Amino acid sequence: RKEVEQDPGPFNVPEGATVAFNCTYSNSASQSFFWYRQDCRKEPKLLMSVYSSGNEDGRFTAQLNRASQYISLLIRDSKLSDSATYLCVVTYGGSQGNLIFGKGTKLSVKP
Amino acid sequence: DTAVSQTPKYLVTQMGNDKSIKCEQNLGHDTMYWYKQDSKKFLKIMFSYNNKELIINETVPNRFSPKSPDKAHLNLHINSLELGDSAVYFCASSQGPGDQETQYFGPGTRLLVL
C-alpha cells in the first residue's frame, strides 16, 4: 500500500528558530524522494530532492534513512517567508513520475 | 510568461453537469499530469500523458476523461459532476516521465459542485 505519513502540525515557531519535519513512507521499493512546498491557496513547488547521502541547500537540509524508511527536512534560521505547508513526496521504481504526496506539515513562522 | 497555465481558475457548477478544465505548458515538456487535491489537502495523481500518450491512469471514475491534443496541452473533461468532485485540480508538466524529473504545477482550478 502506497503511503506517506507526516505530522500535520501546525508548527508555530519564532523567526530564527530551527525546525525539523519528519516523514515516513511505507513502500521499501521507493526510489526517489522530494520535499515540495505549498503556500496557502497556491500550487506545490519543488523545494529540494533528497539524496541518500543527505543534502543541503542554504538553510535547508534533507536527510534520508532507507533502512527506517524515514525522510527529514531541517530548516535553520527560520524566516517569515518560510511559512507554508511542506509536502513529503516519494516515487516508486518505474512509476514514470507518479508522485505520492504526504498530507503536508504546516509551518507558521512568527515575528 | 506563465509556465503552466490552467483555465478556468474557479468553476462553480451544479451536480450532473459536464465541464472541462484546460491546461497548457510553454516549457517544451513532453509529460503532463492531472492531480486532485481534496478538502483534506491530500494531493493525488489522476493521469499522466507522455508525448500525447496516456502512461498513468490511477483509479479514477470513468466520468473523468483526459485529452491531449498535443504535447503542450492536457485537458480534463468531467461528465455528470458529483458533490465529491469538488476539489482543486492541478495540472503539472515535466521534461520527461522519469521519477527524477521536476514537476512544475499550474495554479490550480478550484471546482465547486453544488
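Okay, so let's go over this structure. As the structure is a prediction and not an experimental result, all values here were calculated from the model. (Residues numbered from 1 in each chain as written. Chains lettered and ligands numbered in written order. Predicted model: local features only at pLDDT ≥ 70, side-chain atom pairs only at ≥ 80, totals over all residues. Heavy atoms only, no water.)

## Comments concerning the side chain of R37 of chain A
Residues and elements named next belong to chain A.
Part 1 of the argument: Examined against the element boundaries, R37 turns out to sit in strand 4 (residues 30-38).
Part 2 of the argument: Looking at R37, the relative accessible area reads 19%, which means it is buried.
Part 3 of the argument: Among the polar contacts listed, one links the side chain of R37 to the backbone oxygen of S81, at a separation of 2.5 Å.
Part 4 of the argument: Reaching out from R37, the side chain makes a polar contact with the backbone oxygen of S83 at a distance of 3.4 Å. (Helix = DSSP H or I, 4+ residues; strand = E, 2+ residues; numbered from the N terminus. Buried < 20%, exposed > 50% of the residue type's maximum accessible area, 1.4 Å probe, protein only. Polar contact = N/O pair within 3.5 Å; in protein donor to acceptor, adjacent residues only side chain to side chain.)

## Section: the interface of chain A and chain B
Part 1 of the argument: Taken residue by residue, the interface counts 23 residues in chain A and 23 residues in chain B.
Part 2 of the argument: Taken together, the two surfaces of chain A and chain B that pack against each other cover about 1900 Å², and 48% of this comes from carbon and sulfur.
Part 3 of the argument: It is Q96, F101 and K103 of chain A in chain A that bury the most area against chain B; as a group they hold 30% of the surface buried on that side.
Part 4 of the argument: Taken together, the links from chain A to chain B amount to zero salt bridges.
Part 5 of the argument: Along the contact surface separating chain A from chain B lie three residue pairs in polar contact (both at pLDDT 80 or more).
Part 6 of the argument: Among the elements of the structure, strand 4, strand 5 (44-50) and strand 9 (84-92) of chain A are those that each provide at least two residues to the side of chain A that touches chain B. (Contact = heavy atoms within 4.5 Å. Buried area = accessible area lost by both parts, 1.4 Å probe. Salt bridge = Lys/Arg side-chain N within 4 Å of Asp/Glu carboxyl O.)

## Quick notes on the state of the cysteines
All names here are of chain A.
Part 1 of the argument: Per the stated rule, a full pass over the model turns up two disulfides over all chains.
Part 2 of the argument: Two residues, C23 and C88, share a disulfide whose sulfurs are 2.0 Å apart. Measuring handedness by torsion sign, the sulfur bridge of C23 and C88 sits at about -75° and is left-handed. On the criterion of sequence distance, the pair formed by C23 in strand 3 (residues 19-25) and C88 in strand 9 is long-range, its members being 65 residues apart.
Part 3 of the argument: Overall, the relative accessible area of 0% leaves C88 in the buried class. (Disulfide = S-S within 2.5 Å.)

## Focus on the pattern of salt bridges
Part 1 of the argument: Throughout the structure, instances matching the rule amount to seven salt bridges over all chains.
Part 2 of the argument: R37 of chain A serves as the salt-bridge partner of D39 of chain A, at 2.8 Å between the closest nitrogen and oxygen.
Part 3 of the argument: Relative accessible area serves as the criterion here: at 30%, D39 of chain A is assigned to the partly exposed category.
Part 4 of the argument: When salt bridges with common partners are traced through the structure, they connect R63, E82 and D85 of chain B into a single cluster.

## Remarks on the sheet that holds strand 7 (residues 60-65) of chain A
Residue and element names in this part refer to chain A.
Part 1 of the argument: Read across the open sheet, the five strands follow the order 1-3-8-7-6; overall the sheet is antiparallel. Across the chains shown, the open sheet's two edge strands, defined by having one partner strand only, are strand 1 (4-6) and strand 6 (55-57). When the angles between neighbouring strand axes are averaged without regard to direction, this sheet yields 20°.
Part 2 of the argument: Judged from the six bridges that link them, strand 3 and strand 8 (residues 70-75) form a sheet pairing that is antiparallel. Among the inter-strand pairings, F21 is bridged to a residue of strand 8, identified as L73. (Pairing = 2+ DSSP bridges. Axes fitted to C-alpha atoms, helices over the stretch in contact; angles between N-to-C directions.)

## Quick word on the packing of aromatic side chains
Part 1 of the argument: Tallied over the full model, the rule gives twelve aromatic pairs over all chains.
Part 2 of the argument: The interplanar angle of 75° and the centroid separation of 6.4 Å between the aromatic rings of F34 of chain A and Y36 of chain A together place this pair among those described as edge-to-face. Across the pair, Y36 of chain A and F34 of chain A agree in class, each one buried.
Part 3 of the argument: Stacked on the ring of F42 of chain B, the Lys or Arg K44 of chain B has its end atom at 5.5 Å from the ring centre. (Phe/Tyr/Trp six-rings, centres within 6.5 Å; stacked < 30°, edge-to-face > 60°. Lys NZ or Arg CZ within 6 Å of the ring centre and 35° of its normal.)

## Let's talk about the pairing of strand 5 of chain A
All names here are of chain A.
Part 1 of the argument: Where strand 4 lies against strand 5, six bridges are found, and the strand directions are antiparallel. Following the sheet pairing, F33 is matched in strand 5 by V50.
Part 2 of the argument: Two successive antiparallel strands, strand 4 and strand 5, enclose a turn made up of five residues, where R41 displays a positive phi of approximately 60°.

## Here we look at the environment of K103 of chain A
Part 1 of the argument: As for its position among the elements, K103 of chain A is in the loop between strand 10 (100-101) and strand 11 (105-110).
Part 2 of the argument: With relative accessibility at 40%, the residue K103 of chain A sits in the partly exposed group.

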